[in-house]
Amino acid sequence: MGAAEARRRAVGSGPRRAGIGILILVAMAVAGCAAEPPATAPIAAATAPAVAVAPADAEPAVCAVSFVDDAAPLAVQQQHVGARFAALPIPARAGSVFAGWYTSAAAALSRDAASRVNGAKLVECPDGRLTLHGAWDSPAQFWATGTRVPILMYHTFTTDPDGISGSQRSNTVYTRTFDAQLGYIAREGFYLPTWDELDAFIDGRLALPRRSVIITDDDAAPSWFALGVPLVDEHRLLTTSFVITQSRDWKVPSIWVQQRSHTNDMHRMGANGRGLMVNLPAAAIAADMATSARILGVAQVMAYPFGHVDATAERGLGQAGFQMAVTTVPGYVTPGTNKLELPRMKVAYGMSVQELAAVIG
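Residues numbered from 1 in each chain as written. Predicted model: local features only at pLDDT ≥ 70, side-chain atom pairs only at ≥ 80, totals over all residues. Heavy atoms only, no water.

Novice: Can you help me understand the overall build of the protein chain in this one?
Specialist: When helices and strands are counted, the protein chain shows 10 helices and 14 strands. Here the protein chain, with 361 residues, has 52% of them falling under the buried criterion. In the protein chain, the proportion of contacts linking residues at least 24 apart, taken out of those at least 6 apart, comes to 67%. For the protein chain, the exposed area adds up to about 15,500 Å²; of that, 55% sits on carbon and sulfur atoms. (Helix = DSSP H or I, 4+ residues; strand = E, 2+ residues; numbered from the N terminus. Buried < 20%, exposed > 50% of the residue type's maximum accessible area, 1.4 Å probe, protein only. Contact = heavy atoms within 4.5 Å. Areas by Shrake-Rupley, 256 points an atom, 1.4 Å probe, with all protein chains shown as cover.)

Novice: Looking at this structure, how should I read the packing of aromatic side chains?
Specialist: If you walk through the whole model with that rule in mind, you get 12 aromatic pairs. Plain terms: the ring middles of phenylalanine 67 and tryptophan 101 are 4.8 Å apart, the flat faces sit at 55° to each other, and that makes the pair tilted. Taken together, the positions of phenylalanine 67 in strand β1 (residues 62-68) and tryptophan 101 in strand β3 (residues 97-102) put the pair 34 residues apart, joining distant regions of the chain. You can call phenylalanine 67 buried: its relative accessible area is 11%. Consider the rings of phenylalanine 142 and tryptophan 143, whose centres lie 5.3 Å apart with planes at 80°: the pair is edge-to-face. Grouping aromatic residues by their ring pairs yields a cluster made of Phe67, Phe98, Trp101 and Trp136. Above the ring of tryptophan 136, the side-chain terminus of arginine 93 is found at 4.5 Å from the ring centroid. (Phe/Tyr/Trp six-rings, centres within 6.5 Å; stacked < 30°, edge-to-face > 60°. Lys NZ or Arg CZ within 6 Å of the ring centre and 35° of its normal.)

Novice: Any chance you could explain helix α9 (residues 311-319) here in plain terms?
Specialist: Helical geometry note: an α-helix holds 3.6 residues per turn, so side chains three or four residues apart project in the same direction. Within α9 the residues assigned to the buried category are Ala313, Glu314, Gly316 and Leu317. The arc enclosing the buried residues of α9, seen along the axis, measures out at 160°, which places them on a common side. Buried residues belonging to α9 abut α8 (282-296), β12 (301-303) and β13 (324-326). Where α9 begins, the capping side chain belongs to aspartate 310, and its oxygen is found 3.2 Å from the backbone nitrogen of threonine 312. Positive phi shows up at glycine 321, right after α9, with a value of about 90°. (Arc of directions from axis to C-beta. Polar contact = N/O pair within 3.5 Å; in protein donor to acceptor, adjacent residues only side chain to side chain.)

Novice: How do you make sense of the layout of surface pockets when you look at a structure like this?
Specialist: Over the atoms, a rolled probe matching the size of one water molecule traces out where space is still vacant. Within this model, the largest pocket holds a volume of roughly 500 Å³. As for the largest pocket, its lining consists of 24 residues, of which Ala114, Arg116, Ala120, Lys121 and Leu122 are closest to the centre. Its residues placed into classes, the lining of the largest pocket shows 15 nonpolar, five polar and four charged. (1 Å grid on protein atoms, 1.4 Å probe; cavity = no way out; pocket = protein on both sides within 12 Å on 5 of 7 lines; lining within 4 Å. Points joined across faces, edges and corners; volume = space filled by probe spheres on them. Nonpolar A, V, L, I, M, F, W, Y, C, P; charged D, E, K, R; others polar.)

Structure representation (structure tokens):
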């Protein structure tokens, strides 16, 4: 097979990958998390994948969401039809663990993960009203389930099946492989927890399905926008993009992508060859992260540049209001995991769907 034919097959045909080919050369120039970040924005807003939006004067359809639950009564929420569910409550009840919201009482009783509603699902509300049903587990059931949540870590993408050469080779995933991996996650019905849910799971306040997984990408590099996001869109899977906000001048590229912090301007090495997060005092770290939170509109979870973290970095995060942070250390999130040292599973070049399945179940 010639090089041109290999590239054509890698990108594929049809509308789902339209426009990817023109950005191949840009994507191949990407540096992964172990490299210095670009001095300017990874991709201009004009070339970021477009997200369909309603006219500025159009009012989004509203859904009145009510909750049926054995705990204290919950107020009706207004959710926007076609958006992802936002700020669903996680109620508490003495001696029980909340097990999620479901679209019917029968689904709540059976713990049907496909019918469980969270911020990874779109609001569908044909009648303008929706009732969600809560489920509860005993602490014994919670522990017996044995859920451990893998957080997948991607970086950059390539259309060359042979990958790229150089130090970033292992950080780059072939697009067809990424497509197949997302297809497996979607086809097998994995549950995609929100960060709020993961936080409650770690505390033992919320039960998660045994087959749960979180998908993340670091750096918001050009190949993420050009090659990764279109596939996330196609498979409709919630993904977190950890962005360096100092160079963020693009819009959120997809309804399925939520942007979180990769610091504002600390994705750089200090004089000792370690990241700035383990070189600066806590106050400076807090100031940088507070800036990042203002840009993103949320202080919740961040990714440590280069995976470097120490007690001072954690103290700075706390001062800036961040509750969680992800590392590059492999492992699974379980109840009681240190929220500021969450492990992740790196998806490296050459990892097959079968190998990914062995990691996530």
